[in-house]
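Examination of the molecular architecture
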Amino acid sequence: MSILLKNGRVVTADSDAVCDILIEGETIVSIGRNLAAAGAEVIDCTGKIIVPGGIDPHVHLEMPFMGTFSSDTYETGTRAALHGGTTMVIDFILQKQGNSLRSAFEEWSGRATGNAVGDYSFHMAVTDFNPSTKEEIKDMVAEGITSFKTFMAYKGALMIDDAQMVGLMQEVKKHGGLVTAHATNGDMIDTLIAQHRAQGKLTPLYHYLSQPEVTEAEASGRFADIANYTGVNAYIVHLTCEGALNQVRRATERNQRVLVETCIQYLTLDASLYEDEANGAKVVMSPPLREKKDQATLWAGLNQGLVNVVGTDHCPFMWEQKLMGKDDFSKIPNGHPAVEHRMELLFSEGVQKGKITLQKFVEVTSTNAAKIFGVFPRKGTISIGADADLVVIDPQKKHTISAATHHMNVDYSAYEGWELTGKIDTVLLRGQVAVAAGETKVQKGYGQFIKRGKTAF
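Scoring rules and cut-offs
- Residues numbered from 1 in each chain as written.
- Predicted model: local features only at pLDDT ≥ 70, side-chain atom pairs only at ≥ 80, totals over all residues.
- Heavy atoms only, no water.
- Helix = DSSP H or I, 4+ residues; strand = E, 2+ residues; numbered from the N terminus.
- Expected span 1.5 Å × (residues − 1).
- Buried < 20%, exposed > 50% of the residue type's maximum accessible area, 1.4 Å probe, protein only.
- Contact = heavy atoms within 4.5 Å.
- Polar contact = N/O pair within 3.5 Å; in protein donor to acceptor, adjacent residues only side chain to side chain.
- Core = buried A, V, L, I, M, F, W, Y, C linked by side-chain atoms within 4.5 Å.
- UniProt positions renumbered as here; feature names shortened; annotations may be inferred.
- Pairing = 2+ DSSP bridges.
- Axes fitted to C-alpha atoms, helices over the stretch in contact; angles between N-to-C directions.
- Phe/Tyr/Trp six-rings, centres within 6.5 Å; stacked < 30°, edge-to-face > 60°.
- Salt bridge = Lys/Arg side-chain N within 4 Å of Asp/Glu carboxyl O.

We now examine helix H4 (residues 162–174). Given a rise of 1.5 Å per residue, 13 residues ought to cover 18 Å, and the 19 Å separating the end C-alpha atoms of H4 matches this to within 8%. Along H4, the positions that sit buried rather than exposed are Gln164, Met165, Gly167, Leu168, Met169, Glu171 and Val172. Taken together, the buried residues of H4 touch helix H3 (131–142), strand E11 (147–151), strand E12 (178–182) and helix H7 (213–230). If you check the start of H4, you find a side-chain oxygen 3.1 Å away from the backbone N of alanine 163, and it comes from aspartate 161.

As structure tokens, then:
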């Protein structure tokens, strides 16, 4: 079956033209004006914008955390992503301390295979770097898992020390991979949490006050320094604040490149939400929301090319799960639902308000992630031979975010009642119409594991 998209404004990271796109099977076969294809299904895109399918490189689906699991499954999470224009997500496999990387890969694959609606891949979070783990790095790269995450916080569960960090970076560099970091100073945060709890300061506000800007800035600088020493490709996940981005600026002065991801919530929400004791748990995440000045820094960082990717760190928990910490902020499961709203929020708040261009929008929602994580040009662009992952946006259509209408498996939204300008109209995934008129058109199991190559950014 052929599909012909007609008369859309086709925007990539480096082009912008009104034209047609012809799809055969799973791929794009022709791009031009006045294309014709006998028997093709025609989708009229007049007055609409067509961009590459979004790639969210930071999600946590069915993730075990604090005695529970994040509430979106591979089915619900990837379906919600598709409704928001994200055709591929990259989830984080979490190695259990004492276990192999292979066993973790098999566990996560078991959750995803046959259940995902949209395409997916994995990062490998290394929580126990030892001689056996070291030997597995090359095996994971061969499997198409070319990025390895480190946690500089969550001691006793996920955190590795600096010695392990150096060893991991050296091994990953040998095999051409990428090391990412949750860059916050875990020891300092744990100390502040203990102090606040001892003083009876237990509301969600103290989650924020236990993770001041310095904890992220220090760890970001330390990660950059260690990466500079080892020469590995380095990427900071969910960077939130001015102090941390200044550490990246400092690294550029010695000709180092540190890749940076922020998340949509850090561009649009701020720490004043923690003052609401009744609802502050909804936005308890790590790192926490920051200040207005940090939002300004991140928007500027996008335009300066210092911030390369906008993800979500999508890790939803039902309100009942969040209430595990109703009497103690340190027991609130950390996470926030956003995978469905990332692209529409960034379009409405960024493009429509003149903060970023359409080309920058495509870069930071799709193309840069595709290049950094080794799936370009199969994904992340609109070109002949690429997967037909396409998002049609109605740029002037207004709509309102609500938990009553979103597709994520979570019963609240931090953006409840927000009116946005620009709505996802139609989504195609590998040549199939996946979403149209708000309806899902592909089934559970249509999503494929995408084997990734090395960074090409």
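For the rest of this paragraph, the subject is the nonpolar core. With 111 residues, the main nonpolar core has Val51, Phe122, Met124, Phe223, Leu346 and Phe361 as its most contacted residues. Grouped together as the second largest cluster of nonpolar side chains are 17 residues, Leu5, Cys19, Ile21 and Ala388 included.

Bringing the UniProt feature "domain: Amidohydrolase-related" (unreviewed entry) in the chain into the picture now. With numbering matched to this structure, UniProt assigns "domain: Amidohydrolase-related" (unreviewed entry) to residues 49–433. Helix makes up 37% of residues 49–433 and strand 20%, whereas the separation of the span's terminal C-alpha atoms amounts to 16 Å.

By secondary structure assignment, the location of histidine 182 is in strand E12. A residue is classified by how much of its surface remains accessible, and histidine 182, at 2% relative accessible area, is buried. Separated by 20 residues in sequence, histidine 182 and leucine 202 have C-alpha atoms that sit 24 Å apart. Once residues lying within four places of it in the same chain are set aside, the contact partners of histidine 182 are Lys149, Thr150, Phe151, Met152, Ala153, Tyr154, Val237, His238, Ser286 and Pro287. A distance of 3.1 Å separates a polar atom in the side chain of histidine 182 from a polar atom in the side chain of histidine 238.

This part takes up the sheet that holds strand E13 (residues 233–236). Spatial ordering of the open sheet is given by E6-E9-E10-E11-E12-E13-E14-E15, a layout of eight strands whose pairing is parallel. With partners counted over all chains shown, the strands left at the sheet margins are strand E6 (54–59) and strand E15 (309–311), one partner each. This sheet shows a mean twist of 30 degrees between the axes of neighbouring strands, independent of strand direction. Sheet topology places strand E10 (residues 119–125) next to E11; two bridges connect them, and they run parallel. Within E11, the residue paired with alanine 125 across the bridge is lysine 149.

What follows deals with the pairing of E6. Across the six residues that make up E6, a large majority, six, are buried. As paired strands, E6 and strand E9 (residues 86–94) are joined by four bridges and run parallel to one another. Each bridged residue has a counterpart across the sheet, and for isoleucine 55 the counterpart in E9 is methionine 88.

Applying the stated rule across the entire model yields 13 aromatic pairs. On the numbers, 5.0 Å between centres and 70 degrees between planes, the contact of tyrosine 235 with phenylalanine 373 is edge-to-face. A residue pair is termed long-range when its members are at least 10 positions apart, and tyrosine 235 in strand E13 and phenylalanine 373 in the loop between helix H13 (358–372) and strand E16 (390–400) qualify at 138 residues. Ring geometry for phenylalanine 347 against phenylalanine 361: centres 5.7 Å apart, planes inclined by 80 degrees, an arrangement best described as edge-to-face.

Following the criterion strictly, the structure yields 30 salt bridges and no others. A salt bridge links lysine 326 to aspartate 327; the shortest N-O distance between them is 3.0 Å. Accessibility expressed as a relative area gives 60% for lysine 326, which makes it exposed. Counted as one network, the salt bridges with shared partners bring together Glu26, Asp119, Arg378, Lys379, Asp387, Asp389 and Arg430.

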